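A look at the structure
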Amino acid sequence: MILQNVQDGTARLAGKALRLVWGKNKPVTITVVVVVGVMKIWSYVKKQERRRRWNNAGKDVVVLHIPPRGFFCPNISPFAVKLETYVRMAEIPYVVDHEEPFGPKGKTPWITLNGEDVGDSQMIIEKLAAKFGKEFDAHLSPEEKAVAHALRVMVDEYFFWCLGVFRFGRERGRHLAYNTSLPWIFRPFMPMFINQYLEATKVQGVGRHSYREVDELGRKCLQSLSAWLGEKPFMMGASPTDVDAAVFGLLTRDVFCPPVSDYTRMLEKDYRNLHALCHRIKEKFWPDWDKCLDLKGRDRVLRMMERGKCSS
Ligand SMILES: N[C@@H](CCC(=O)N[C@@H](CS)C(=O)NCC(=O)O)C(=O)O
């Protein structure tokens, strides 16, 4: 009996829904179906076109999928800077794609190499290092390798979240306006994106502490990196390794881009060797730095800063 009633109710509801979309609203329904269908086909064709382009980049040429160029540093994504720096260190031929920055794992950066897609900056680096014989830490002892690994994980998987809480929590994403042009259509969604990111920091754990506590956690990361670096030219000695690429990726924004942050001040005052390391890496591996910037965006921000609309 109950089952019969449920079935009747469902049938009545389905009938009503059908009348709604196929009754006097039929022209609207047809229009929506056609528009959505055309958009899907168009997006599929475009994706195929892009895929053909990436596959034709050339044998052993890395297609680096990253967000658009930043205004004061080559990319707003620290992991994109890290990976591009490694590819430059290793002198691996590459081309850049900004059309599809989010890859197989839903994150940026990612690469396509000889038709194969790979996600995650570190997994990519390890794959490229093995393929092209560019294992920069090959000469290190097992103990040194362990230290390098621990430092790199601290930077990528821990310090990154401390910085995130500072930038998106304490500063509410203020740095974005200085370093990237967000299409106007996305702007109303920014608060939602920021809150979503802050929820992720809570799941990770760092976001559950107070801002002051997180600042202290971040400062301790810088202190450890700085103490380990000491007077050495690079993190693991005389020559750069992927830890340097990771440190550079994470610190670039605070060293080279406005607005001045607490981290900028710490790097300039207390951890000068890290600041100098970033400048060294920039000079060595990014001689074309300015060519890798969105200069129009940079000039616009500089003009706004002059007029006092953005504080440095
Ligand atoms: N472990 C990844 C982290 C990449 C990552 O978190 N990228 C951020 C941008 S900096 C991202 O794509 N965030 C989007 C999201 O998490 O949905 C890697 O090393 O590539």
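Definitions and limits used
Residues numbered from 1 in each chain as written. Predicted model: local features only at pLDDT ≥ 70, side-chain atom pairs only at ≥ 80, totals over all residues. Heavy atoms only, no water. Helix = DSSP H or I, 4+ residues; strand = E, 2+ residues; numbered from the N terminus. Buried < 20%, exposed > 50% of the residue type's maximum accessible area, 1.4 Å probe, protein only. Pairing = 2+ DSSP bridges. Axes fitted to C-alpha atoms, helices over the stretch in contact; angles between N-to-C directions. Contact = heavy atoms within 4.5 Å. Core = buried A, V, L, I, M, F, W, Y, C linked by side-chain atoms within 4.5 Å. Domains from an automatic or database assignment. Salt bridge = Lys/Arg side-chain N within 4 Å of Asp/Glu carboxyl O. 1 Å grid on protein atoms, 1.4 Å probe; cavity = no way out; pocket = protein on both sides within 12 Å on 5 of 7 lines; lining within 4 Å. Points joined across faces, edges and corners; volume = space filled by probe spheres on them. Nonpolar A, V, L, I, M, F, W, Y, C, P; charged D, E, K, R; others polar.

1. As for unusual backbone geometry
Here the amide bond leading from T108 into P109 is cis, since omega sits at 5°, within 30 degrees of zero. Along the polypeptide, P109 turns up in the loop between β2 (94–97) and β3 (110–113). The phi angle at N114 is positive, at roughly 50°, despite the residue not being glycine. The partly exposed category is assigned to N114, whose relative accessible area is 44%. Phi is positive for D120, which is not a glycine, with a value near 85°. With respect to the helices, strands and loops of the structure, D120 is situated in the loop between β4 (116–119) and α4 (121–132). Exposure remark for D120: the relative accessible area of 34% places this residue in the partly exposed category.

2. Some details on the sheet that holds β2
Spatially, 4 strands are ordered β2-β1-β3-β4 in an open sheet, and the strand pairing comes out mixed. Every other strand in the sheet has two partners, leaving β2 and β4 as the edge strands with one partner each. Each strand axis lies, on average, 25° off the axis of its neighbour in the sheet, ignoring direction. Contacts between helix α3 (residues 78–89) and the sheet are confined to β1 (62–65), β2 and β3, with β2 contributing the most and set at about 160° to the helix.

3. Thoughts on the nonpolar core
Y86, I111, L128, F159, L222 and L251 are the most contacted members of the largest nonpolar core, which has 74 residues in total. Considering every element that reaches this core, the biggest residue donor is helix α5 (residues 142–170), with 12 residues. Each of domain 2 (62–132) and domain 3 (142–306) gives at least three residues to this core. Contact partners of L251, with chain neighbours within four places excluded, come to F159, L222, L267, L274 and C278.

4. Some details on the domain arrangement of the protein chain
Here the protein chain is described as being made up of domain 1 (17–45), domain 2 (62–132) and domain 3 (142–306). Measuring from the centre of the C-alpha atoms in domain 1 to the corresponding centre in domain 2 gives 38 Å.

5. With respect to the pattern of salt bridges
Taken as a whole and assessed by the stated rule, the structure comprises 23 salt bridges. A salt bridge links R88 to E84, with the shortest nitrogen-to-oxygen separation between them at 4.0 Å. On the criterion of helical spacing, the pair formed by R88 and E84 is a turn pair, its members being 4 residues apart in helix α3. Here K269 ties to D270 by a salt bridge, and the two come within 3.7 Å at their closest N and O atoms. Residue classification places K269 among the exposed positions, given a relative accessible area of 62%. Each of K47, R50, R53, E99 and E100 takes part in salt bridges that share partners, so that together they form one network.

6. With respect to the pairing of β4
Examined bridge by bridge, β3 and β4 share 4 bridges and lie antiparallel to one another. Bridge pairing in β4 places I111 opposite V118. Counting the residues between successive antiparallel strands, the hairpin from β3 to β4 contains 2 residues, one of them, N114, with a positive phi of roughly 50°.

7. Let's talk about the layout of surface pockets
Rolled over the atoms, a probe with the dimensions of a water molecule shows which regions are left empty. Counted as a void, the largest pocket has a volume near 1400 Å³. What lines the largest pocket is a set of 48 residues, and nearest its centre among them are P67, S77, F102, T108 and F193. Elements represented by at least two residues in the lining of the largest pocket include exactly α3, α4, α5, α6 (174–179) and α7 (190–204). When residues in the lining of the largest pocket are grouped by element, the largest group, 8 residues, is from α5. Broken down by class, the residue content of the lining of the largest pocket amounts to 26 nonpolar, 13 polar and 9 charged. Residue assignment places the lining of the largest pocket across two domains, with domain 2 (62–132) and domain 3 (142–306) each supplying three or more. Quantified by volume, the second largest pocket comes out at close to 310 Å³. Lining the second largest pocket we find 16 residues, and of these L176, A177, T180, L182 and R187 sit closest to its centre.

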